[in-house]
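A structural walkthrough
Residues per chain are reported as follows:
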Amino acid sequence: MTAIDACEPQIIRALEKDGWRVQYKPFRIRTTAREILADLMLQGIIDHEVEQIVVVEVKCFSNPQSELAEIYTAVGQYLYYRGAIIAKQLALPLYLGIPAPAYDRLMADPALQVVFTESHISMIVVDLEKEEVITWIH
């Protein structure tokens, strides 16, 4: 079983408020070599018509002293999960779900801006106190 990030319950509640339903927690992706576990697979209805399914990996970045190690892990994990999704020919978008303060800290670093942009990492930024989605970044 995977470890649950401390902010995962608030991120789930924010996504549920936004109209998403958790379908799998965790979401298993089996490759030829291994099985990986993304935190969530969600289902939602867009514009009252189109059903959409997304995969979300939650990262809290709650400890500034270990934040760089968490960034290395999060980026590597995200890229590997995306590779596995593509290799399995699943048409599922992948997002990194993170709290707003963490997003603000990460984006204040120009090098990390480049890493996230060049790696095409999609994110869901959440206000943990209000348990609301602030923005989806594609």
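Above: the structure in question.
With that out of the way, let us pick up the overall build of the chain. Looking only at helices and strands, the chain features four helices and eight strands. When the helices and strands of the chain are placed in sequence order, the string is α-β-β-β-β-β-α-β-α-α-β-β. The dimensions of the chain, computed from C-alpha atoms along their principal axes, are 40 × 40 × 30 Å. Buried residues in the chain amount to 43% of all 138 residues. Across the chain, contacts joining residues at least 24 apart in sequence account for 56% of those joining residues at least 6 apart. Accessible surface for the chain amounts to roughly 7800 Å². Of this, 53% is attributable to carbon and sulfur atoms. On the chain, the mean spot of the 12 positive side-chain charges and the mean spot of the 19 negative ones are 8 Å from each other.

It is worth spelling out the nonpolar core at this point. Of all hydrophobic cores here, the largest spans 25 residues; its most connected members are Val55, Leu106 and Phe116. Of all elements in the fold, only β2 (27-30), β3 (35-38), α2 (67-87), β6 (94-99), α3 (100-107) and α4 (110-118) reach the threshold of two or more residues within this core. In this structure, Val54, Val56, Tyr95 and Val133 belong to the second largest nonpolar core, which totals 16 residues.

In this section: the state of the cysteines. Across all of its chains, the model carries one disulfide by this definition. Residue pairing for Cys7: its cysteine sulfur links by disulfide to Cys60, the two sulfurs lying 2.1 Å apart. Around the S-S axis, the bridge from Cys7 to Cys60 shows a dihedral of about -100° and counts as left-handed. Here the residue Cys7 occupies a position in the segment before α1 (8-17), and Cys60 occupies one in the loop between β5 (50-58) and α2, the gap between them amounting to 53 residues.

This paragraph deals with α3. Every buried residue belonging to α3 is among Ala100, Ala102, Leu106 and Met107, and all of these are buried. An end-on view of α3 places all buried positions within 160° of arc, on one side of the element. Among the structural elements, α2, β6, α4, β7 (123-127) and β8 (132-137) are those in contact with the buried residues of α3.

With that out of the way, let us pick up the pairing of β2. Alternating positions in β2 separate cleanly, Phe27 and Ile29 being buried on one face and Arg28 and Arg30 remaining unburied on the opposite face. Bridging between β2 and β3 involves four bridges; their strand directions are antiparallel. Each residue of the ladder has a partner; that of Ile29, found in β3, is Ile36. Connecting β2 to the next strand, β3, in antiparallel fashion are four residues.

Applying the stated criterion across every chain yields a total of six salt bridges. Each member of the salt-bridge network shares a partner with another, and the members are Arg28, Arg30 and Glu35.

So, about the packing of aromatic side chains. Throughout the structure, instances matching the rule amount to three aromatic pairs. Geometrically, the ring pair formed by Trp20 and Trp136 is tilted, given 5.4 Å between the ring centres and 35° between the ring planes. Residue Trp20 is found in strand β1 (residues 20-24), and its partner Trp136 is found in strand β8; the two are separated by 116 residues along the sequence. Taking 4.9 Å as the distance between ring centres and 85° as the angle between the ring planes, the aromatic pair formed by Tyr95 and Trp136 counts as edge-to-face.

Moving on, we come to α1. When we look at burial in α1, the residues that qualify are Glu8, Ile11, Ile12, Ala14 and Leu15. Seen from one end, α1 has its buried residues packed into an arc of 160°, which puts them on one side. Backbone geometry just after α1 places Gly19 at a positive phi near 100°.

Rules and cut-offs
Residues numbered from 1 in each chain as written. Predicted model: local features only at pLDDT ≥ 70, side-chain atom pairs only at ≥ 80, totals over all residues. Heavy atoms only, no water. Helix = DSSP H or I, 4+ residues; strand = E, 2+ residues; numbered from the N terminus. Buried < 20%, exposed > 50% of the residue type's maximum accessible area, 1.4 Å probe, protein only. Contact = heavy atoms within 4.5 Å. Areas by Shrake-Rupley, 256 points an atom, 1.4 Å probe, with all protein chains shown as cover. Lys, Arg positive; Asp, Glu negative; His and termini not counted. Charge placed at Lys NZ, Arg CZ, Asp CG, Glu CD. Core = buried A, V, L, I, M, F, W, Y, C linked by side-chain atoms within 4.5 Å. Disulfide = S-S within 2.5 Å. Arc of directions from axis to C-beta. Pairing = 2+ DSSP bridges. Salt bridge = Lys/Arg side-chain N within 4 Å of Asp/Glu carboxyl O. Phe/Tyr/Trp six-rings, centres within 6.5 Å; stacked < 30°, edge-to-face > 60°.

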